[in-house]
Structures are given as C-alpha cells and as structure tokens.
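# Descriptive analysis of the structure
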Amino acid sequence: MREGKSSGYEKHHRFLQDNGIKRILFYSTINVDLKTKGNYATTKLMAEEEVRKSGLEYMIVRPALIYEGRKGSLGKIIRYVEKLPFVPVFGDGNAKEQPIHIDEIVNLTVAMIKDFKPGTVLYAAGKEAMTFREMINIIARTMNKKAKILTIPAKPVHAVLRLFEKAGIHIGISSEQVAHMSEDLAADMNETLKLYPVELKSFEENIRRER
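Since we're looking at a predicted model, the values are computed, not measured.

Turning to the confidence of the model for the protein, a few remarks are in order. Taken as a whole, the protein shows an average pLDDT of 90; of its residues, 95% reach a score of 70 or greater. Ranking the elements of the protein by mean pLDDT puts helix 1 (residues 9-18) last with 74 and strand 7 (residues 120-124) first with 98.

Right under this line is the structure:
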C-alpha cells in the first residue's frame, strides 16, 4: 500500500472475517485502466490487490459509467443538452465511453451471485462503445434537438486540477473526471457475456425508455 493512502477496504475485510463471510463480489471501476489515474482509480486498484490477497473467494467487477435517468454524471450531460446552448467536453470529444444502465448491472450482479466464479475479474459495460460526441448526439436526438459541443483542452485543465488536489482544494470536478472524458474507456464484454449472457440494450433505447 502506498504511504499516506488507503483504499478503505481494510475495515470491510475485518467485518467479513469477523462474521464468517468467505466470498466477496467487489465492485471496482473501469477507471483503473486510465493512463492518468486520480485518487478514485488509484484507491480502487489498491483495493483490488487487497481483495486478491485477502484469502477470500472473490470476484472483481469493473463497471463503466453507470446511468439511470437524470442521475449521476450522465444526468448532468442530459441536463446540459437540454438547457445549454452547448455541451462542454474535455478533450476533442472522440474518447470512447461505454455506459451501462443500472438495470443491466443489477441483472449482471444477480447472475454473478447465482453462479459465482472465484478469481474472476470482469468488466461491466453497455452494449456498444461510442465517442463522447456520439453519446451527446444520441441524447440530443432523443430530445429532437441538435447538440453543439464546446471542446476544452484536457491537458492544461488536468494539470491545474492536480495541483489543486495536491493542495487539498476541490472545486466540484476532479482531474480523474477530466481524464475520463479524454481517454478511451471502452471494454471487451465477450468474456463477461460468455459467462453471464444478460441482455444489454442499446444506449439510445435505454435513454428513450426513460424520457
């Protein structure tokens, strides 16, 4: 474990041991694949290693962006498309994202609990990967609108946010979120769906269903 950092997993491990629980389905994040990891991805990666060394039977799941209606990060983007003249995007908008709907990840979780595969590390992502531009355009299409995108250079913003974070200053957006929008975070779902053939619907179908 890195000096001065903690994944927060230790207390949960003690709880599992104290209560005789021998299996863990650990939810990490697809952000561990980022080249420029922030605190969230770093501590998740540390926790993954601790889970592996825990002596418990484990599965590790790395979800992509989880969405449900207007909640969370995707909900903010939906509101931007709806209310703003343009949608700000860090980077050129061509980084790939593969969001998964909450219903799909619930179904996947249930399937994993029923058929536990110890020692497995799997990704949980949506049916298709798309660029941020494509994702925003799909959202706009469900509103019968055309979206305008304002691209913001990611590297200088990321560098400034890292300095703020080192100084303990947080301004509502993290360096990791900027990295998330400017690096590909798509997943190969073949192994996951081979083991757990849950139904995944298209991003547009899910967005339209919830409007």
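Structure shown, so let's carry the discussion forward.
The strand order across the open sheet built from 3 strands is 1-2-7, with neighbouring strands paired in parallel fashion. Unpaired on one side and paired on the other, strand 1 (23-27) and strand 7 mark the two borders of the sheet. Geometrically, the sheet is characterised by an average inter-axis angle of 20° between neighbouring strands, direction not taken into account. Across the sheet, helix 4 (residues 102-114) lies against strand 1, strand 2 (57-63) and strand 7, angled at about 160° from strand 1, the strand it touches most.

Right, let's get into the pattern of salt bridges. Overall, the coordinates contain 11 salt bridges when judged by the stated rule. Across the salt bridge formed by lysine 53 and glutamate 49, the nearest N and O atoms sit 3.7 Å from each other. Owing to a relative accessible area of 65%, lysine 53 belongs among the exposed residues under this scheme. For glutamate 49, a relative accessible area of 36% gives the class partly exposed. Residues glutamate 204 and arginine 208 are paired through a salt bridge, measuring 3.0 Å at the closest nitrogen-oxygen approach. Of the two residues, glutamate 204 and arginine 208 are both situated in helix 9 (residues 203-209); the distance of 4 residues between them amounts to about one turn of the helix. A relative accessible area of 40% places arginine 208 in the partly exposed class. In the salt-bridge network here, residues are joined through shared partners; they are Glu48, Glu49, Arg52, Lys53 and Arg62.

An ideal rise of 1.5 Å per residue puts 20 Å on 14 residues; helix 2 (residues 39-52) measures up with 20 Å between its terminal C-alpha atoms. Within helix 2, the full set of buried residues consists of Ala41, Thr42, Thr43, Lys44, Met46, Ala47, Glu48, Glu50 and Val51.

What counts, and at which threshold
Residues numbered from 1 in each chain as written. Predicted model: local features only at pLDDT ≥ 70, side-chain atom pairs only at ≥ 80, totals over all residues. Heavy atoms only, no water. pLDDT = per-residue confidence, 0-100. Helix = DSSP H or I, 4+ residues; strand = E, 2+ residues; numbered from the N terminus. Pairing = 2+ DSSP bridges. Axes fitted to C-alpha atoms, helices over the stretch in contact; angles between N-to-C directions. Contact = heavy atoms within 4.5 Å. Salt bridge = Lys/Arg side-chain N within 4 Å of Asp/Glu carboxyl O. Buried < 20%, exposed > 50% of the residue type's maximum accessible area, 1.4 Å probe, protein only. Expected span 1.5 Å × (residues − 1).

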